[in-house]
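Analysis of the macromolecular model
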Amino acid sequence: MPMKGRFPVRRTLQYLSQGDVVFKSSVKVMTVNYNTAGELSEGARKFVFFNVPQIQYKNPWVQIMLFRNMTPSPFLRFYLDNGEQVLVDVEDKTNKEITEHVKKILGKSKEMLEREERERKKLSHPATFGPKKYHLRECICEIEGQVPCPAFVPLPKEMRGKYKPAVKNEA
Amino acid sequence: PGPFPGLCPGWSPRAVPARGRKTRHDPPSKSKASRVKLPPPVDPEELLVVLERYRQHRLVLSALRAEFRAEVLQQKREERLAAQGSVEEQEEHRRLMAWNDEENARQQRRREERARKEEEEQKRRKLEIAEKQARKMEAFLEEKEKEVLQLQEEAKNFITPENLEARIEECLDNPRNYNFAIDKDGRIVKRTVLS
C-alpha cells in the first residue's frame, strides 16, 4: 500500500518544501496548545494538521510541541534564545491567517532568505569538478565543450597512447 | 601493462609483487640460513639533529594552523553576532512584538464580545423557556377549569335515585323515534312512524 494516512500529500517532499515559514535563528521552541473539539479551535487544528509538518521541515532544529485539551482556548507560544516568550492567540482564526501571522512576526523575510542563498552559492564554484558531494560534475569529460568520455565516444587515433610510439617507429 | 620493460609505465598504481617464485608459507633457502638481518645504520648525531629539526618544523606548522583556524572561527562568530544583534534588527523585533501584542489585544476584545453575546443569548433563551412554561401552565389550568364547569353543567341532568321515577315516567311518555333512511346523496329521511 503506497499511501499512508488521511492526507498522504502531507508526506510528499514537494508539499513540505512549499512551506514558506523559516524561523529566525533566535527561535528555539514552538509550543501549540489546542483543543480537539470546538468550532473556535478549528483553525488551530488545521494548522497543526497541515502546516506544522511544513514548518518542521524547513526548521529542523526548532523543537515543536503540541498540547491537546489543556486550555480552554488555543494559542501558540515561541521561546527565543534570549529567554523571551512570544504568545500568539489563535482562537477563531483560519490556519492560513495563523501562518501569515507567524511568518510576519518571527519568520525570515524574503530578502534575508535570498541573501543567505547567495552567500551559500558563493562558497562553491559551479565550474569546478570533483566528488559529487562537493561539485556538480565529477569528471572533465562531463563538461560541455570538453573532450567526451572515451567510454562512450572513442578518442581519435592521434590522441591515444598506443599510436604515438607506433607512428614514431614507422617514421 | 605487465613485466614488459618497454611498455610498462613507471607510474603504474598497481603494485608489482616482490615475492617472485615462493609463497609466504615456504621456508627460506639454505643459502640464507646464516643471513643476519640488521637495521639500517644510523648516525646518532645526525639522527639527533634531524629529529630536532623535524620537531621544530612540526611545532611551528601546527601552531600556524591553529592560529589560522582560530582566526577564521573568530571572524565567523563576529559575522554571525553582527548579523544577529544589530540595532535595526532589534528595532524590527520590538516593532513586530508590539504588533503581535496588538493582535492579541484585538483577539481578546473579539473574545469578550463573543462571550457577552453568548451570555445574552443564554439569558434570552432562558426567558423564552420560562415564558413558554408559564403559558403552558395557564392553558392547562384553563382547560381544567372548563372541564370542571362542563361537568357541573352536566350534573344538573344526572339521574339520581330521587328523580328516577320521574325520569322513567318522562321517557315512557315521550317515545323517541330513532329510525331514519338515507339515500346515496346523503340526505336523511325520517318518515317511518313509530308503532
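Residues numbered from 1 in each chain as written. Chains lettered and ligands numbered in written order. Predicted model: local features only at pLDDT ≥ 70, side-chain atom pairs only at ≥ 80, totals over all residues. Heavy atoms only, no water.

1. Thoughts on a negative patch on the surface
Negative charge collects at one region of the surface, where B:Glu138, B:Glu142, B:Glu143, B:Glu145 and B:Glu147 lie side by side. With respect to the helices, strands and loops of the structure, B:Glu138 is situated in helix H2 (residues 87-155). (Patch = residues over 30% accessible without salt bridge, like charges linked within 9 Å, V, L, I, M, F, W, Y side chains within 5 Å. Areas by Shrake-Rupley, 256 points an atom, 1.4 Å probe, with all protein chains shown as cover. Salt bridge = Lys/Arg side-chain N within 4 Å of Asp/Glu carboxyl O. Lys, Arg positive; Asp, Glu negative; His and termini not counted. Charge placed at Lys NZ, Arg CZ, Asp CG, Glu CD. Helix = DSSP H or I, 4+ residues; strand = E, 2+ residues; numbered from the N terminus.)

2. Some remarks on the sheet that holds strand E3 (residues 75-80) of chain A
Residue and element names in this part refer to chain A. Taken in spatial order, the 4 strands line up as E2-E1-E3-E4 in an open sheet, and their pairing is mixed. Lying at the two open borders of the sheet, with one neighbouring strand each, are strand E2 (63-68) and strand E4 (85-89). Between one strand axis and the next, the sheet turns by 15 degrees as a mean value, whatever way the strands run. Running over the sheet, helix H2 (residues 42-58) touches strand E1 (27-34), E2 and E3 and is turned about 160 degrees from E1. Sheet strands touched by helix H3 (residues 95-106): E1, E3 and E4. Its angle to E3, the strand with the most contacts, is close to 20 degrees. (Pairing = 2+ DSSP bridges. Axes fitted to C-alpha atoms, helices over the stretch in contact; angles between N-to-C directions. Contact = heavy atoms within 4.5 Å.)

3. A look at the layout of surface pockets
Computed from the structure, the largest pocket encloses a volume of approximately 2000 Å³. As for the largest pocket, its lining consists of 49 residues, and the residues nearest its centre are A:Ser25, A:Lys108, A:Met112, A:Glu116 and B:Ala83. Those elements that provide at least two residues to the lining of the largest pocket are H3 and helix H4 (110-123) of chain A together with helix H1 (44-85) and H2 of chain B. Ranked by residues supplied to the lining of the largest pocket, first place goes to H4(A) with 11 residues. Among the residues making up the lining of the largest pocket, the classes are represented as 14 nonpolar, 12 polar and 23 charged. (1 Å grid on protein atoms, 1.4 Å probe; cavity = no way out; pocket = protein on both sides within 12 Å on 5 of 7 lines; lining within 4 Å. Points joined across faces, edges and corners; volume = space filled by probe spheres on them. Nonpolar A, V, L, I, M, F, W, Y, C, P; charged D, E, K, R; others polar.)

4. Focus: the interface of chain B and chain A
A common way to report how large an interface is uses the accessible area buried once the components associate. In this assembly, 13 residues from chain B lie in contact with 19 residues from chain A. Here chain B and chain A share an interface that buries about 1400 Å² over both sides, 45% of which is from carbon and sulfur atoms. Counting the surface chain B buries against chain A, the share from its top three residues, B:Trp99, B:Gln107 and B:Arg114, is 30%. At the surface where chain B touches chain A, the tally comes to 5 salt bridges. For B:Arg111, the salt bridge is made with A:Glu91, and the minimal N-O distance between the two is 2.5 Å. Top contributing element to the side of chain B that touches chain A by residue count: H2(B), with 12 residues. (Buried area = accessible area lost by both parts, 1.4 Å probe.)

Everything listed here is a matter of geometry and, on its own, says nothing about what the molecule does.
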